[in-house]
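Close look at the chain arrangement
The lines below spell out each chain.
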Amino acid sequence: AQLIVVNNCQENLWPGILGGAGHPTPNNGGFKLSSGEEVVLDVPEKWSGRIWGRQGCRFDSNGKGSCDTGDCSAQLHCQGTGGAPPATVVEMTLGSSASPLHFYDVSLVDGFNLPVSMKPVGGGIGCGVASCDADLNICCPSALEVKVGGKVVGCKSACLAMQSAKYCCTGQYANPKTCKPTLFANLFKAICPKAYSYAFDDSSNDSIIENVDAPTYAPSLPVPNVQEMVKNDPLHVPERYVRNQEDGPLMNDMSHLSSEIPVIDLALLSAGDIEELKKLDLACKEWGFFQVVNHGVAKEVFQNMKNAASEFFELPLQEKNKYAMPADDIQGYGHAYVVSEEQILDWSDALILVVYPTQYRKFKLWPITPEGFKKTIDAYSKGVKSVGEKILRSVSTIMGMDEDAFLGLYNDLQALRVNYYPACCRPDDVLGISPHSDTSTITILMQEEDIKGLQIKHNGFWVPVKPVTDALVVNVGDVIEILSNGKYKSIEHRAVANENKARISYVSFICPRDDVGVEPLEHLLDSKKPQKMYKKVRFGDYLRSAMKRKMDGKAHTEMR
Ligand SMILES: O=C(O)CCC(=O)C(=O)O
Ligand SMILES: [Fe+2]
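Residues numbered from 1 in each chain as written. Chains lettered and ligands numbered in written order. Predicted model: local features only at pLDDT ≥ 70, side-chain atom pairs only at ≥ 80, totals over all residues. Heavy atoms only, no water.

**Considering the sheet that holds strand β16 (residues 332-334)**
Threshold: Strands were regarded as paired on the criterion that DSSP finds at least two bridges between them. Elements are defined by DSSP. Helices are runs of H or I of four residues or more, strands are runs of E of two residues or more, and each kind is numbered from the N terminus. Here an angle of 0 to 180 degrees is reported between the N-to-C directions of two axes, which are lines fitted to C-alpha atoms, with helices fitted over the stretch in contact.
Ordered in space as β14-β15-β23-β20-β25-β18-β17-β16, the eight strands form an open sheet in which the pairing is mixed. Of all strands in the sheet, those bounded by a partner on one side alone are β14 (263-265) and β16. Along the sheet, successive strands turn relative to each other by an average axial angle of 25 degrees, direction set aside. Across three bridges, the pairing between β14 and strand β15 (residues 289-293) is parallel. Bridging from a neighbouring strand, I264 pairs with V292 of β15.

**Overview of helix α9 (residues 373-398)**
Residues three or four positions apart in an α-helix share a direction because the helix packs 3.6 residues into each turn. Note the cut-off: In this analysis, the expected span of each helix is defined as 1.5 Å times one less than the number of residues it contains.
Between its terminal C-alpha atoms α9 stretches 37 Å, which fits the 38 Å expected from 26 residues at 1.5 Å a residue. Downstream of α9 by a residue or two, G400 has a phi angle that is positive, lying close to 80 degrees.

**Things to note about the sheet that holds strand β2 (residues 13-19)**
Adjacent strands of a sheet pair through backbone hydrogen bonds, lying either parallel or antiparallel. Strand order in this open sheet of five strands is β2-β4-β7-β8-β13, and the pairing throughout is mixed. Of all strands in the sheet, those bounded by a partner on one side alone are β2 and β13 (195-196). Pairing of strand β8 (residues 103-107) with β13, which is carried by two bridges, proceeds in the parallel orientation. Residue S107 lies in a different strand from β13, and its bridge partner there is Y196.

**Regarding the nonpolar core**
Formally: To qualify as a nonpolar core, a set must consist of buried Ala, Val, Leu, Ile, Met, Phe, Trp, Tyr and Cys residues joined through side-chain atoms within 4.5 Å. Between buried and exposed lies partly exposed: a residue is buried under 20% and exposed over 50% of the maximum accessible area for its type, with that area taken using a 1.4 Å probe on protein chains only. Whether two residues touch is decided by their heavy atoms; if any such pair falls within 4.5 Å, the residues are in contact.
Counting 90 residues, the largest nonpolar core has F290, M305, Y380, I391, F406, V418 and I444 as its most contacted members. The element best represented in this core is α9, accounting for nine residues. Discounting chain neighbours no more than four positions away, the residues touching Y380 are V301, F302, M305, L416, M446, L472, Y506 and S508.

**Comments concerning the packing of helix α7 (residues 299-314) against α9**
Defined as follows: Should an angle lie under 35 degrees it is considered roughly parallel, over 145 roughly antiparallel, and from 65 to 115 roughly perpendicular; all remaining angles are considered oblique. If you view the pair so one helix is near and one far, a crossing is left-handed when the near helix is turned anticlockwise from the far one by less than a right angle, and right-handed when it is turned clockwise.
Two elements in contact, α7 and α9, have axes whose closest approach is 9 Å; the angle formed by their N-to-C orientations is 140 degrees. Viewed along their axes, α7 and α9 adopt a mutual orientation that is oblique. Here α7 runs over α9; the crossing is left-handed. Here V301, F302, N304, M305, A308, A309 and F312 of α7 come into contact with α9, specifically with F373, T376, I377, A379 and Y380.

**As for the pattern of salt bridges**
Test applied: Here, a salt bridge means any side-chain nitrogen of Lys or Arg that lies within 4 Å of a carboxyl oxygen of Asp or Glu.
Taken as a whole and assessed by the stated rule, the structure comprises 25 salt bridges. The shortest N-O distance in the salt bridge between K279 and E276 comes to 3.3 Å. Placement of both K279 and E276 in helix α6 (residues 274-287) is noted, with a separation of three residues, approximately one turn of the helix. For K279, a relative accessible area of 33% translates into the label partly exposed. The salt bridge partner of E519 is K532, with a shortest N-O separation of 3.2 Å. Taken together, the residues E519 in the loop between β26 (517-518) and β27 (537-538) and K532 in the loop between β26 and β27 connect sequence positions 13 residues apart. Residue classification places E519 among the partly exposed positions, given a relative accessible area of 26%. Overall, the relative accessible area of 15% leaves K532 in the buried class.

**Digging into the site of ligand 1**
Short version of the rule: The nearness test applies per residue and asks whether one of its heavy atoms lies within 4 Å of the molecule or strand. Polar contacts, as used here, are pairs of N or O atoms within 3.5 Å; protein pairs need one atom able to donate a hydrogen and one able to accept it. Residues neighboring in sequence count only if both atoms are side-chain atoms. All accessible areas in this document rest on Shrake-Rupley with a 1.4 Å probe, and a residue is counted as covered only by the protein chains that are shown. A pocket, in this scheme, is an open set of points on a 1 Å grid over the protein atoms alone with protein on both sides within 12 Å along at least 5 of 7 lines, while a cavity is a set where a 1.4 Å probe fits but cannot get out; residues line either one if an atom lies within 4 Å of a point. Criterion for pocket placement: a molecule counts as inside a cavity or pocket if more than half of its atoms are within 2 Å of its grid points. Residues are sorted three ways: Asp, Glu, Lys and Arg are charged, Ala, Val, Leu, Ile, Met, Phe, Trp, Tyr, Cys and Pro are nonpolar, and all the rest, Gly among them, are polar.
Surrounding ligand 1, one finds 13 residues, the nearest of these being Y421, H436, H493, R503 and S505. At a separation of 3.4 Å, an oxygen atom of ligand 1 approaches a polar side-chain atom of D438. Considering ligand 1 on its own, with 300 Å² of exposed area, one finds that the protein chains cover 98% of that surface. When atoms are counted within 2 Å of each cavity's grid points, the one that captures over half of ligand 1 is the largest cavity. Every element with two or more residues in the shell around ligand 1 is listed here: β18 (413-421), β19 (433-436) and β25 (503-511). Of the residues belonging to the shell around ligand 1, the class tally is six nonpolar, four polar and three charged.

**Some thoughts on unusual backbone geometry**
Among all residues save glycine, negative phi is the norm, and among peptide bonds the norm is trans. Cis geometry is found at the peptide bond from P85 to P86, where omega equals 0 degrees. Along the chain, the position of P86 falls in the loop between β6 (65-66) and β7 (89-93). Omega for the peptide link from Y356 to P357 comes to 0 degrees, which places this bond in the cis form. On the secondary structure map, P357 appears in the loop between β17 (349-356) and α9. For K46, which is not glycine, the phi torsion reads 65 degrees and is therefore positive. Along the chain, K46 turns up in the loop between β3 (38-42) and β4 (48-55). Overall, K46 belongs to the partly exposed group, its relative accessible area being 31%. A positive phi angle, close to 45 degrees, is found at N459, a residue other than glycine. Tracing the backbone shows N459 in the loop between β21 (454-458) and β22 (461-464).

**Side note on the packing of α6 against α9**
Close contact between α6 and α9 brings their axes to 10 Å; oriented N to C, the two are set at 85 degrees. Judged by the angle between their axes, α6 and α9 are roughly perpendicular. Of α9, the residues touching α6 (which contributes L277, L280 and D281) are S394, V395 and I398. Looking at side-chain class alone, the contact of α6 with α9 contains four nonpolar, one polar and one charged residues.

**Re the layout of surface pockets**
Worth spelling out the cut-off: Grid points are joined across faces, edges and corners, and a volume is the space filled by probe spheres set on the points.
Of the voids in this model, the second largest pocket is the one considered here, and its volume is about 1000 Å³. Only β1 (2-6), β2, β4, β7 and β9 (116-118) provide two or more residues apiece to the lining of the second largest pocket. By residue number, the principal contributor to the lining of the second largest pocket is β1, which donates five residues. Of the residues that constitute the lining of the second largest pocket, the class distribution is 21 nonpolar, nine polar and two charged.

This is the structure we're talking about:
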């Protein structure tokens, strides 16, 4: 794709550019653009990044110097650094020729320095003109002004000027319920209604045309709502839910092994710490499961998700059914993987939503009660996505590749499944979720602190995964098992029901796009394992064939 950057101002400008994680930065991140001039930048399809204008710059012949606003580490070429606020920023995630839907907005979250607008030309679909083309410097409240030589050159955001959690939407304000537009944001919004003016402002881009060509999935048969069934008749377990007793008792004495499931410090891992990388290698080989701590996602993001989801599941059924899974989809509130009238059913209900790529979001299935739930899901998923990227970087490192070898290929799709396991009067007779392995690249799960449920199969025994405070549980999915030619294992796991308590788990599946071919990586074949152990599969076909079967034990992974 091409970006045409035009300077319609009366003065010279120096645009700055920054590619998002895993995306390149064109033109070394910055260049001069004289008044009236235009420049065409080539960026790959699906490029994601930001552009802002720098003004009042002086650079020497080595490209060193500074700007009055938007400065990036005193360099002409920003090369990986963002602009100093206040600066009006255009943020975008472009589509591709196959899916020409572009997302972009003009953000005033970091303040304002120059009027900017963006629109699609020559094809592609977007949300029209995103802009703040008025000069906010003229009406900037004096407390927010940035002056150079007596002239107002920028208007700070309230966050920058006040440096407080309330205006920055951090700490206790880091969620859409408590992060409200401030007086200043409202002022910005009044003048520039088509711009993003505070951290949780999505009124301006919620109107984006949804899921133009979102993939469809094999539907699941309709079955009763388990939570409602229990509410109406708590002492009855219908025959359809009674599990096969042949697969042994649900509880055994393997819980002493729980403490051996590796706990990995993600900050150390991302810093390339050798011990932590070894731990990851061992975890993926021997366990297929591990927990991560120090993952950088704020506690509130988790807590908000837990609060909102608990509230959602407590709503009356008819309210929840406003988001009922349509007959031809597996997104929404309902059940997945029910494929025959005969199969034994799981003791759970679920809310399932595709969260990335954002253009696949089906907002009509995103609950609006409790208030702010949509934004909470968005914030939670964003946090999980960042954790997923860190883990995938390290996984590609231990597989002997560049750290970003997996990004953008195997983590394009992210789906959220919130499982609700009602209490059960005969917990030994049912399963919350039947044994299965995940078809994903990796799965990231948040569980409640004090309620057991998840068990993983380790050397033939079921080992409970004990919740670790603030940790996320991560497991290797079928995709990594195939890519690694079986070195890393996508382990069978299940969830049990509890007698007195309901349990909720929050499961994010990180997956490749449908059209990605998955097969063992050539460079991993060696004299010990010269053969590819798995057939090449198109991920979309693999996922759909897995969905047509009842989840039943390990892998749909087809051996050669
Ligand atoms: O609830 C759990 O702990 C496990 C859920 C799970 O494995 C899944 O949804 O794939
Ligand atoms: Fe699972």
